[in-house]
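Here's the letter readout for the chains.
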Amino acid sequence: MRRKPSNIERASIITGILIASFSLKVFAAPSAEIEKARALTVGCLGCHGAHYEGQGGLPPLSTLDRETFIQRFEAYRRMAPTPSVMHRIAQNYSPEEIRLMADLIAKGSPP
Amino acid sequence: MVVAGGGFAGLNFAHALKDLAPAIDITVIDQNPHYVRCPGSNQVIAGFKPMESLIHYPAESLKRKGIRFHHGTITGIDPHQRLLHLESGTQIRFDRLIAAPGIDFRWDKIEGYGKPQSLIFPHAWQAGTQTRLLRDQLAALPDGGLFMMTVPGNPYRCPPGPYERASLIAARLKQVNPRAKILILDAKTKFSKEKGFKAAWTSLYSGMVEWISFETEGEIDHIEVEHRVVATAFNRYHPDVLNVIPPQKAGKLAEVLGLTDDSGWCPVDPVTFQSLKSPMIHVIGDASSYGAVPKSAFAAQTEARACALAICLTLLDTPPPVPRVINHCYSLISPEKAISVTGVYGVKKGPLPETLSLTESSPENDQNLEYQQAMDWLDLLIRSTFGT
């Protein structure tokens, strides 16, 4: 199956590096959408790690599947004010943006 | 790609760019081989953590990733040749330069308080010997003595930092010197997480912490080092220990590179972080004027990632998308309790990021849990920045 690389991956290919380690999910969506998702998620790594790996009580995102990611994010978004940090954040993302981020972050995202 | 400045912004940028485009050649330049971090330094000042815990050596983890670290001081730039001149005489060529110069102090703003006086009345707003000095002075505070802190107007590094410092110092004094007082003289009329801090001062340290708003007292008129006096329009204070947090501006390197405007900070493009003064240079971290986004390590890390993404795309002539910036910031109100504020920022109408939402902890929040999260966050920040 031919996969369409995003521009940033092309940057690396152009500069002469084979990106064997990039996982499937990176290639899951058309490039402009993945790059938009990357720009939407720059703030996530502060608590979830540069590779979404988590730390102590701060949960990893890399182990969530796509549906769980969307379901949880939507739940935070709809929640009445609660003491959770994620509800403070989630209200600023549209359902479309949440799906874009799930495509980038969640494991096993469909191509 | 050359990164000038090896703090939270510069180091996270180098790591993020290497992750995105491994073939890009990156050199980080800093004037110190080690970095003493500010996040966590209030715990050291108050005697709850050792000084050594703040010191990090970034070169090793950079090297593991194939990023060079050059220890040296930048003294000039030749923009036509794209060369940086170092104090040692070395020249370093760059295609693009990322400046992360941090902050410096406006020594001309408080009469009687300049750099030499900071050795007597420490600022401790850049971590290192200043942190040690304030810690030692606090430890020697006389019984029932007065600890006084002066806080500048916005913008400055870490908006809630002074109030966390006051809280942790109160926690220490409550244990060892309960008749002591903490007085905060503020150039502002309100402050970050004000409700949470004030509630903590009442419930945990009743009567120990007093905050004086600009409205009540006005500006500091001058400081008399020889008499140990802080003079305002209405009063003369005689603190036993004085912590002056001076007004701030972008780090000296920003001036060397010609990146600052009249505000003293560096104007940037909100998407690419390109300097509006010099388009071949990008400015990230505390030194940049980045709209409503506060100057914090969390924001610096977010900006570093956003800038790395934008640079990769502009190298390909693809317009980069607007980043959604988050600043999530914990402040300790005691050695076991914390409160937090979460800001989300985006570009809407104006050119610079605006606040989309800003939410502080409420009394419902479990402050012990927030403390645990704060410590986990700090571990993560240290690991991602210094690789340790």
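The structure contained in this document is the topic of the report that follows. (Residues numbered from 1 in each chain as written. Chains lettered and ligands numbered in written order. Predicted model: local features only at pLDDT ≥ 70, side-chain atom pairs only at ≥ 80, totals over all residues. Heavy atoms only, no water.)

Concerning empty space enclosed by the protein
Where empty space is left becomes clear once a probe the size of a water molecule has been rolled over the atoms. Where we set the bar: A cavity here means a set of points on a 1 Å grid, drawn over the protein atoms and nothing else, where a 1.4 Å probe fits but cannot get out; a pocket is an open set with protein on both sides within 12 Å along at least five of seven lines, and a residue lines either one if it has an atom within 4 Å of a point. Grid points are joined across faces, edges and corners, and a volume is the space filled by probe spheres set on the points. Elements are defined by DSSP. Helices are runs of H or I of four residues or more, strands are runs of E of two residues or more, and each kind is numbered from the N terminus.
Inspection of the entire model under this criterion finds 2 cavities of 30 Å³ or more. Computed from the structure, the largest cavity encloses a volume of approximately 60 Å³. For the largest cavity, the lining is made up of 11 residues, of which Ala-39 of chain A together with Ala-306, Leu-309, Ala-310 and Pro-321 of chain B are closest to its centre. The element that contributes the greatest number of residues to the lining of the largest cavity is helix H9 (residues 297-315) of chain B, accounting for 4 residues.

Digging into the interface of chain A and chain B
Definition in use: The criterion used for residue contact is that any of the two residues' heavy atoms lie within 4.5 Å. Salt bridges are counted wherever a side-chain nitrogen of Lys or Arg sits within 4 Å of a carboxyl oxygen of Asp or Glu. In protein, a polar contact means a hydrogen-donor-capable atom and an acceptor-capable atom, both N or O and within 3.5 Å, with residues adjacent in sequence counting only if both atoms are side-chain atoms; elsewhere, any N or O pair within 3.5 Å suffices. Each residue gets one label: Ala, Val, Leu, Ile, Met, Phe, Trp, Tyr, Cys and Pro are nonpolar, Asp, Glu, Lys and Arg are charged, and the others, such as Gly, are polar.
Each side of the interface is counted separately: chain A has 38 residues, and chain B has 40 residues. Applying the counting rule to chain A against chain B returns 2 salt bridges. A salt bridge links Glu-97 of chain A to Arg-324 of chain B; the shortest N-O distance between them is 2.7 Å. Taken together, the links from chain A to chain B amount to 13 residue pairs in polar contact (both at pLDDT 80 or more). Residues of the side of chain A that touches chain B, tallied by class, amount to 18 nonpolar, 14 polar and 6 charged.

So, the nonpolar core
In plain terms, the rule: By convention a nonpolar core is built from buried Ala, Val, Leu, Ile, Met, Phe, Trp, Tyr and Cys residues, the set being connected through side-chain atoms within 4.5 Å. For every residue, the accessible area obtained with a 1.4 Å probe (protein chains only) is divided by the maximum for its type, and the residue is called buried under 20%, exposed over 50%, and partly exposed between those limits.
Counting residues in each nonpolar core, the largest one holds 133 residues, and the members touching the most others are Phe-69 of chain A together with Phe-13, Ile-184 and Trp-201 of chain B. Here this core gets 11 residues from one element, more than from any other, and that element is H9 of chain B. What Ile-184 of chain B contacts, discounting residues up to four positions off in sequence, is Met-149, Val-151, Tyr-163, Ala-166, Trp-201, Val-209, Glu-210, Trp-211 and Ile-212 of chain B. Counting 14 residues, the second-largest nonpolar core is a separate cluster that includes Phe-121, Leu-146, Leu-183 and Val-244 of chain B.

Quick word on the sheet that holds strand E13 (residues 209-212) of chain B
Residue and element names in this part refer to chain B. Filter applied, for reference: The pairing criterion for strands is at least two bridges between them, as found by DSSP. Helix axes are fitted only over the stretch in contact, all axes being lines through C-alpha atoms; the angle between N-to-C directions runs from 0 to 180 degrees.
What the 4 strands build is an open sheet, ordered E13-E12-E11-E17; its pairing is parallel. Single-partner strands in this sheet number two, and they are E13 and strand E17 (241-244). This sheet shows a mean twist of 15 degrees between the axes of neighbouring strands, independent of strand direction. Bridge count for strand E12 (residues 181-186) against E13 is 4 bridges, and the pairing is parallel. Bridge pairing in E13 links Leu-183 to Glu-210.

Topic: the side chain of Lys-18 of chain B
Residues and elements named next belong to chain B. Counted only if it meets this: Neither His nor the chain ends contribute to the count of charged residues, in which Lys and Arg are positive and Asp and Glu negative.
In this fold, Lys-18 is placed in helix H1 (residues 8-20). Asp-25 provides the closest opposite charge to the buried, salt-bridge-free Lys-18, at an N-O distance of 6.4 Å. For Lys-18, the side chain forms a polar contact with the main-chain oxygen of Pro-22, separated by 2.9 Å. Once you skip the residues sitting within four places of it in the chain, Lys-18 turns out to touch Ile-24, Ile-26, Lys-65, Gly-66 and Ile-67.

What to know about the environment of Pro-22 of chain B
Residue placement: Pro-22 of chain B occurs in the loop between H1 and strand E2 (27-30). Residues Pro-22 of chain B and Ala-300 of chain B, spaced 278 residues apart in sequence, show a C-alpha to C-alpha distance of 22 Å.

A look at the pattern of salt bridges
Residue and element names in this part refer to chain A. A complete count under the given rule lists 17 salt bridges over all chains for this structure. Across the pair Arg-77 and Glu-74 runs a salt bridge whose closest N-O atoms are separated by 3.7 Å. Of this pair, Arg-77 and Glu-74 both sit in helix H4 (residues 66-78), 3 residues apart, roughly one helical turn. Among the residues examined, Glu-74 registers a relative accessible area of 13% and is labelled buried.

Comments concerning the packing of aromatic side chains
Ring pairs (aromatic) are described by centroid distance and by the angle formed between their planes. Residue and element names in this part refer to chain B. Heads up, the condition is: The rule is short: rings of Phe, Tyr and Trp, with Trp giving its six-membered ring, pair when the centres are within 6.5 Å, and they are stacked under 30 degrees, edge-to-face over 60, tilted in between. Counted as over-ring charges are cases with an Arg CZ or a Lys NZ within 6 Å of the ring centre that also lie within 35 degrees of the ring normal.
A full pass over the atoms with the stated rule returns 15 aromatic pairs over all chains. Relative to Tyr-113, the ring of Trp-107 has its centre 6.0 Å away and its plane inclined at 45 degrees; by these criteria the two rings are tilted. Taking relative accessible area as the criterion, Trp-107 reaches 23% and is therefore assigned partly exposed. Ring centres of Phe-191 and Phe-197 lie 6.3 Å apart, and the angle between their planes is 40 degrees; this geometry places the pair in the tilted category. Under the relative-accessibility criterion, Phe-191 is labelled buried at 8%. Put simply, the rings of Tyr-163, Phe-191, Phe-197, Trp-201 and Trp-211 touch in pairs and so form one group of aromatic residues. Over the ring of Phe-48 we find Arg-172; its NZ or CZ atom is 4.6 Å from the centre of that ring.

Examining helix H2 (residues 31-40) of chain A
By the criterion of burial, H2 of chain A is predominantly enclosed, with 7 of the 10 residues buried. For H2 of chain A, the complete set of buried residues consists of Ser-31, Ile-34, Glu-35, Ala-37, Arg-38, Ala-39 and Leu-40 of chain A.

Observations concerning unusual backbone geometry
In this model, Asn-154 of chain B is joined to Pro-155 of chain B through a cis peptide bond whose omega is -5 degrees. Considering the arrangement of structural elements, one finds Pro-155 of chain B in the loop between strand E11 (146-151) and helix H5 (161-176). In this structure, Tyr-52 of chain A is a non-glycine residue whose phi angle is positive, near 55 degrees. Within the secondary structure, Tyr-52 of chain A is located in the loop between helix H3 (45-48) and H4.

Purely spatial values, then, with no claim about function.
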